[in-house]
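If you want the building blocks of each chain, they are given just below.
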Amino acid sequence: MVSTPPAATHNSGRQYVPDVPESVLDQASPNQFLMPLTAQVNGKDHLEIGGCDVVTLVQQFGSPLYVLDEATLRAACRQYRQAFQRHYPGESLVIYASKAWNCLAVCAIAASEGLGLDVVSGGELHTALTAGVDPSVIYLHGNNKSVDELQMAIATGITIVVDNWLELETLVELAKATSAADESPQAPVRIMLRLTPGIECHTHDYIRTGHLDSKFGFDPDQIESVFAFVQQHSTVLHCVGLHAHIGSQIFELQPHQDLAGVLVQWLVKAADYGLTLEELDIGGGLGIRYTESDDPPSIDQWTQVICKAVVDACGDRQIPLPKLIAEPGRSLIGSACVTAYTLGSQKTVPGIRTYVTVDGGMSDNPRPITYQSLYRTVVANRMSAPMTEAVTVAGKHCESGDVLIKDATLPPTHPGDILVVMGTGAYNYSMASNYNRLPRPASVLVGEGDASLILRRETYADLLAHDCLPHRLTRPPSEGSGS
Ligand SMILES: Cc1ncc(COP(=O)(O)O)c(C=O)c1O
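Residues numbered from 1 in each chain as written. Predicted model: local features only at pLDDT ≥ 70, side-chain atom pairs only at ≥ 80, totals over all residues.

A word on the pairing of strand 18 (residues 418-422)
Heads up, the rule is: To assign burial, the other C-beta atoms lying within 10 Å of each residue's own C-beta are counted, with C-beta atoms placed from the backbone; 20 or more indicates buried, 12 or fewer indicates exposed, and intermediate counts indicate partly exposed. For helices the rule is a DSSP run of H or I covering at least 4 residues; for strands it is a run of E covering at least 2, with both sets numbered from the N terminus onward. For two strands to count as paired, DSSP must find a minimum of two bridges between them.
Among the 5 residues of strand 18, 5 are classified as buried, and the element is accordingly described as predominantly covered. In strand 18, alternate side chains face the same way, and those of Ile418, Val420 and Met422 on one face and Leu419 and Val421 on the other are all buried. Looking at chain direction, strand 13 (residues 337-349) and strand 18 are connected through 5 bridges and run antiparallel. The partner of Tyr341 across the bridge, within strand 18, is Leu419. Two strands pair when backbone bridges link them, and strand 15 (residues 377-379) and strand 18 are joined in this way by 3 bridges, in the antiparallel orientation. Looking across to strand 18, one finds that Val379 is bridged to Leu419.

Here is the structure:
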């Protein structure tokens, strides 16, 4: 296995380019690289991804542009699957946490690599089903699922990861009503229970979910009554397992190792209530390399630690191995994508900083303003130019906080240069907005020199598509005065 990424150089000609030989492309853990695995500098000194010149892509598709490298995404999917097959003697399933980037093409790629899907809303579920994902491998999360979303989940036969008492009680009602309406016995609704394990991890407060003060899941002191309730309603609810997710962008392995032990303990407790739970869903959370100082474990190392912890805990308690499920998002897709922008205005505040401005910002990447996330960037049309300038990369939104990178090191830049921000595959498109009425960017899937549009750029007509102008507001002001 290639477990250590080659050093990402910062000031030589080929900044940040992974330089992974084609022969080991499938083994380099994408989450350990700043750039997609296929990134190269071509003969024009331009950045090339998936065999496509990024400068040409911008000429063809406009900017900002999300450029998603199919080979990197597929390599990550395969590495997760193969790692579970290698390290876990029982059955396993990797499900893509599609909140990281949910659209038809990405769902279809994950499914074609044998992954299931984690969805968190009716909209994500609709996209997954339209992309052809098999309902038997779709899991619905969410701490406030609507009745409509629950009905949709029941009708499609997916697994519902139940988060709280209201949801549990609503499901019982809905399941009974469905059976009564059909006048025939229905298969019980397939559910899992989300538990709050009380495990701390080091990441941003907004993306920590497993500590006790979390809005997600059943607290440890409720679990036994939840087990009793589920058992009482086993004719309408089929509880298949337990789930917990402790947070995102995590580099430590210990919290996941602890989580495995805690979940196995609860599997054993469930048996006291007559519940035979066959599935254990450990969540996602493996971090990626956004900057040179980020040093996440590889997909293989993360998987190995979790598998060993589950095997050991089951061995200690002499219970059969559950079907082990993991639901990574960021580490599957984060490093597979870059965002290409065109540079515009610049402003130097003497003695303080120089702002260079891109044609997007917080509407296509809200992570810096939300989580103070750090990113790295290159000038894609002059890859070998020495990086001599300290600048701040600002967005174009009417918000002082709309800064993508506060302290970037770049070559001298000019309006019209193509700036590429790396590691934008996860929680960028999916968190994008129309703030300031900017149309959302296009996304292209690149591979083997080919670029296919997977999300077309929004137009001004798209922006108005949901606007309704009440008739009375269309009259000239004098007519509406009432005199
Ligand atoms: C329940 C659940 N599962 C999986 C994930 C995916 O996490 P990550 O993208 O860090 O792998 C999340 C994201 O926060 C989540 O809330």
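There's more to say after this.
Considering the environment of Pro470
Topologically, Pro470 is positioned in the segment after helix 12 (460-464). What makes Pro470 exposed here is the crowd of 6 C-beta atoms within 10 Å. Between the C-alpha atoms of Pro470 and Gly217, which are 253 residues apart in sequence, the distance is 42 Å.

Some thoughts on the site of the ligand
The criterion, for reference: All residues are tested the same way: a C-beta atom is placed from the backbone, and lying within 6 Å of a molecule or strand makes the residue near it. Put simply, Ala, Val, Leu, Ile, Met, Phe, Trp, Tyr, Cys and Pro go in the nonpolar bin, Asp, Glu, Lys and Arg in the charged bin, and everything else, Gly too, in the polar bin.
Near the ligand there are 18 residues, and of these Ala97, Ser248, Gly284, Gly329 and Arg330 occur at the shortest range. Class assignment for the residues of the shell around the ligand results in 5 nonpolar, 9 polar and 4 charged.

Quick notes on the sheet that holds strand 1 (residues 40-41)
Reading across from one edge, 1-2-3 is the order of the 3 strands in this open sheet, with antiparallel pairing throughout. Only two strands of the sheet have a single neighbouring strand rather than two, namely strand 1 and strand 3 (52-53). Taken together, the 2 bridges between strand 2 (residues 47-49) and strand 3 define a ladder with antiparallel strand orientation. Looking at strand 3, one finds that Glu48 is bridged to Asp53.

As far as function goes, none of this settles anything; it's purely spatial.
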